[in-house]
Amino acid sequence: MAPSWLAELGMLDGRSATTHWKFAAELARRYPRIDVQADRIFVRDNDIATSAGVAAGIDLALALVADDLGSDIARQVAQGLLVYLQRSGGQTQFSTPMRAVALPPGPVRAVTDLIARDPAARHSVGDLARYVNVSVRHLTRLFTEETGLSPAEYAANTRFDLARAELEAGSSVSRAASGAGFAGAEALRRAFVARLGVSPSDYRRRFESEASA
């Protein structure tokens, strides 16, 4: 369902909802009574569901089919639509490197390129600011304006995306944690539970079962 007209009618007041990340800030500003989940693929709040776009709408539709008719039917529908993998609503709308692609040349782009080259490095805000010869305060302001994230949040998201990609490729939890620069498997577990509500092991098993199906 389109969040804008639902919001205008007051049907989302006091509820959680999502929309395309480009418009999430505007939705939250215009309708402060809505709990806007800006980074979600889709959100279901009781009898109202919202998605982040056309592709996310397909994910939402498949989730509704699975609820009503079962996962086997949902997979058959996905095959008919030539959709490779059904994403859960808890997944983010985009990986952090995708956000960096559209950035204009400048200090923020230089820093995101540096992080992309070595996501597992420490990348303290001070080191990043020195790399582009600006103050920490100035870099943080530029990052917030251009990405909606602080430099530390951006680096953390990039490491998380790398670890998730490693798990999807079949790596062990320990290997994924090490390769992405996490302190250990427990640190990665905490990050997964906080962001997706599942452990890295459960995520990998879910991904493997959906991919094999």
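Please read these numbers as outputs of a predicted model, since none were measured by experiment.

1. Details of helix α9 (residues 151-168)
- Relative to the 26 Å expected for 18 residues at 1.5 Å per residue, α9 spans 26 Å between its end C-alpha atoms, a close match to the ideal helical length.
- Of all the residues in α9, the buried ones are P151, Y154, A155, N157, T158, R159, F160, D161, A163, R164 and L167.
- Where α9 terminates, the next one or two residues include G170, which has phi positive at roughly 105°.

2. Some words on the packing of helix α6 (residues 107-117) against helix α8 (residues 136-147)
- Taken N-terminus to C-terminus, the directions of α6 and α8 make an angle of 85°; their axes are 9 Å apart at the nearest point. Between α6 and α8, the crossing angle belongs to the class labelled roughly perpendicular. On the side of α6, the interface is formed by P107, V108, V111 and T112, while α8 contributes L139, L142, F143, E146 and T147.

3. Let's talk about the packing of aromatic side chains
- Counted under the stated rule, the structure contains three aromatic pairs.
- One aromatic cluster is present, formed by F160, F192 and Y203 through successive ring pairs.
- Taking NZ or CZ as reference, R195 lies 4.7 Å from the ring centre of F160, over its face.

4. Focus on the environment of L12
- Relative to the helices and strands, L12 resides in the loop between α1 (3-8) and β1 (16-17).
- Of the residues examined, L12 reaches a relative accessible area of 0% and is grouped as buried.
- For the pair L12 and V36, spaced 24 residues apart in the sequence, the C-alpha separation amounts to 9.7 Å.

5. What about a nonpolar patch on the surface?
- On the surface, W5, L9 and M11 cluster together to form a nonpolar patch covering roughly 320 Å² of accessible area.
- Inspection of the secondary structure assignment puts W5 in helix α1.

6. Overview of the side chain of D45
- Mapped onto the fold, D45 is located in strand β3 (residues 42-45).
- Engagement of the side chain of D45 in a polar contact is seen with the backbone nitrogen of S16, the distance being 2.8 Å.

7. So, the pattern of salt bridges
- Counted by the stated rule, this structure contains 13 salt bridges.
- In this structure, R130 and D127 form a salt bridge, with 2.4 Å as the shortest nitrogen-oxygen distance. Of this pair, R130 and D127 both sit in helix α7 (residues 125-131), three residues apart, roughly one helical turn.
- With a relative accessible area of 35%, D127 lands in the partly exposed category.
- The partner of E145 in a salt bridge is R141, with the nearest N and O atoms 2.9 Å apart. Of this pair, E145 and R141 are both found in helix α8, four residues apart, which corresponds to roughly one turn of the helix.

8. Considering the confidence of the model for the protein chain
- Per-residue confidence for the protein chain gives a mean pLDDT of 81, with 83% of residues at or over 70.
- Across the protein chain, the secondary-structure element scoring lowest on mean pLDDT is helix α5 (residues 96-101), at 56, and the one scoring highest is α7, at 94.

Conventions and cut-offs
Residues numbered from 1 in each chain as written. Predicted model: local features only at pLDDT ≥ 70, side-chain atom pairs only at ≥ 80, totals over all residues. Heavy atoms only, no water. Helix = DSSP H or I, 4+ residues; strand = E, 2+ residues; numbered from the N terminus. Expected span 1.5 Å × (residues − 1). Buried < 20%, exposed > 50% of the residue type's maximum accessible area, 1.4 Å probe, protein only. Axes fitted to C-alpha atoms, helices over the stretch in contact; angles between N-to-C directions. Parallel < 35°, antiparallel > 145°, perpendicular 65-115°, else oblique. Contact = heavy atoms within 4.5 Å. Phe/Tyr/Trp six-rings, centres within 6.5 Å; stacked < 30°, edge-to-face > 60°. Lys NZ or Arg CZ within 6 Å of the ring centre and 35° of its normal. Patch = residues over 30% accessible without salt bridge, like charges linked within 9 Å, V, L, I, M, F, W, Y side chains within 5 Å. Areas by Shrake-Rupley, 256 points an atom, 1.4 Å probe, with all protein chains shown as cover. Salt bridge = Lys/Arg side-chain N within 4 Å of Asp/Glu carboxyl O. Polar contact = N/O pair within 3.5 Å; in protein donor to acceptor, adjacent residues only side chain to side chain. pLDDT = per-residue confidence, 0-100.

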